[in-house]
Amino acid sequence: MERELFAAEREHFPLVHPAFSLPVKIFATIFSYIFHPLFIPVIATWYLTFIQPGFFTGIPPEEKFFIIIRVAYNTIFFPAFTVLLLKGLGFIKSIFLKTQRERIIPYVATNLFYFWMYLVFRNQPAVPGVLTAFIFGIFLASSLALLANIYFKISMHGLGVGSLFGLLLIIIFSGFSYGVFLPAMSIILLTGVVATSRLVISDHTPFHVYIGILLGIISQFIAHVFIG
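Computed from a predicted model, the values in this text were never measured in an experiment. (Residues numbered from 1 in each chain as written. Predicted model: local features only at pLDDT ≥ 70, side-chain atom pairs only at ≥ 80, totals over all residues. Heavy atoms only, no water.)

Caption draft 1: Up close: the overall build of the protein chain. Looking only at helices and strands, the protein chain features nine helices and zero strands. In sequence order, the secondary structure elements of the protein chain are arranged as α-α-α-α-α-α-α-α-α. A burial count over the protein chain gives 49% of its 228 residues as buried. Pairs at least 24 apart in sequence give 77% of the contacts found in the protein chain among residues at least 6 apart. Accessible area of the protein chain: about 11,900 Å², with a carbon and sulfur share of 74%. (Helix = DSSP H or I, 4+ residues; strand = E, 2+ residues; numbered from the N terminus. Buried < 20%, exposed > 50% of the residue type's maximum accessible area, 1.4 Å probe, protein only. Contact = heavy atoms within 4.5 Å. Areas by Shrake-Rupley, 256 points an atom, 1.4 Å probe, with all protein chains shown as cover.)

Written as structure tokens, this is what we have:
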């Protein structure tokens, strides 16, 4: 049934990657690994703590590193360990989660880790609200992706770069425009490259990728309104 739904969807949103050369596919694979959605929360936290001035003023560098480590522990180690455990127990066939069915449990588990991270940060005044809101935003994005996964295989990479792009837009609209030009250009370029990479090497359609980016951005703005 899932294969039939995907075949019907491809009639409207055809795949685009078969004609690409091997070097292009290698480049796309490297970018897909470097900017895997599991790494996005750490990238965003690092940017807020060490690149964007104003949010972590007065916090010593060692405390900033500790915050990054905590984010990495909850948003990289635990989700990755869950996927490896599922593979070892035979619940999924591939750690790359190639089917919608294989993504259900990882989505649920990841949501729990994201929500736990949000609760921890919400009760710590030293953590700026922008980071707390970002973590809640990726929880929302992952929750929406779980619902979307019922109907189609949404791009998790799209969700990741969309969330990062949404964070940058929030920073700009909040008036923190100092030194944001280069990061803005970098994230716009990154979003385009990652989206293209997924079309080159995965079985995603453009619709999967674009809706992932859109949900990532929307989730960040919702989180900012209610949390930030």
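Text resumes after the structure shown.
Caption draft 2: Examining the packing of helix α6 (residues 129-148) against helix α7 (residues 156-173) more closely. α7 packs onto α6 with a crossing angle of 145 degrees between their chain directions and a minimal axis gap of 10 Å. Our pair here, α6 against α7, has a crossing hand that is right-handed. Counting all contacts with α6, which are made through Val130, Phe134, Ile138, Ala141 and Ala145, the residues of α7 involved are Leu159, Ser163, Leu164 and Leu167. Counted by class, the contact of α6 with α7 contains eight nonpolar, one polar and no charged residues. (Axes fitted to C-alpha atoms, helices over the stretch in contact; angles between N-to-C directions. Left-handed = near helix turned anticlockwise from the far one by under 90°. Nonpolar A, V, L, I, M, F, W, Y, C, P; charged D, E, K, R; others polar.)

Caption draft 3: Molecular detail of helix α3 (residues 40-51). For α3, which comprises twelve residues, the first-to-last C-alpha distance of 15 Å matches the rise-based estimate of 16 Å (1.5 Å per residue) to within 8%. Every buried residue belonging to α3 is among Ile40, Pro41, Val42, Ala44, Thr45, Tyr47, Leu48 and Thr49, and all of these are buried. Elements in contact with the buried residues of α3: α4 (61-89), α5 (100-122), α6, α7 and α8 (181-201). (Expected span 1.5 Å × (residues − 1).)

Caption draft 4: Region of the structure containing the environment of Leu190. Within the secondary structure, Leu190 sits in helix α8. Here Leu190 falls in the buried class, since its relative accessible area comes to 11%. For the pair Leu190 and Leu164, spaced 26 residues apart in the sequence, the C-alpha separation amounts to 9.9 Å. Not counting residues within four places of it along the chain, the set of residues in contact with Leu190 comprises Phe31, Phe35 and Leu164.

Caption draft 5: Region of interest: the nonpolar core. Formed by 44 residues in total, the largest nonpolar core has its most connected members in Leu48, Phe56, Phe121, Leu131, Phe134, Ile135 and Leu167. Looking at this core, the element that brings in the most residues is α6, giving eight residues. Setting aside residues no more than four positions away along its own chain, Phe134 makes contact with Ile40, Pro41, Ala44, Ser163, Leu164, Leu167 and Gln220. Grouped together as the second largest cluster of nonpolar side chains are eight residues, Ala141, Ala145, Ala148 and Leu159 included. (Core = buried A, V, L, I, M, F, W, Y, C linked by side-chain atoms within 4.5 Å.)

Caption draft 6: Molecular detail of the packing of aromatic side chains. Inspection of the entire model under this criterion finds 14 aromatic pairs. Between Phe136 and Phe139 the ring centres are 5.8 Å apart and the planes differ by 40 degrees, which places this aromatic pair in the tilted class. Of this pair, Phe136 and Phe139 both sit in helix α6, separated by three residues, roughly a single helical turn. Each member of the pair, Phe136 as well as Phe139, is classed as buried. When the centroid spacing of 6.2 Å and the interplanar angle of 45 degrees are considered together, the rings of Phe173 and Phe221 count as tilted. You can see Phe173 sitting in helix α7 and its partner Phe221 sitting in helix α9 (residues 206-226), a full 48 residues away along the chain. (Phe/Tyr/Trp six-rings, centres within 6.5 Å; stacked < 30°, edge-to-face > 60°.)

Caption draft 7: Region of interest: unusual backbone geometry. The residue Leu97 is not glycine, and still its phi comes out positive at about 50 degrees. Within the secondary structure, Leu97 is located in the loop between α4 and α5. Taking relative accessible area as the criterion, Leu97 reaches 6% and is therefore assigned buried.

Caption draft 8: Layout of a nonpolar patch on the surface. Where nonpolar side chains cluster on the molecular surface, the patch consists of Tyr73, Phe77, Phe81, Leu85, Leu89, Phe91, Ile104, Ile105, Val108 and Leu112 and spans about 1,000 Å² of accessible area. Those elements that provide at least two residues to the nonpolar patch are α4 and α5. Broken down by element, the nonpolar patch gets its largest block of residues, five residues, from α4. Residue placement: Leu89 occurs in helix α4. (Patch = residues over 30% accessible without salt bridge, like charges linked within 9 Å, V, L, I, M, F, W, Y side chains within 5 Å. Salt bridge = Lys/Arg side-chain N within 4 Å of Asp/Glu carboxyl O.)

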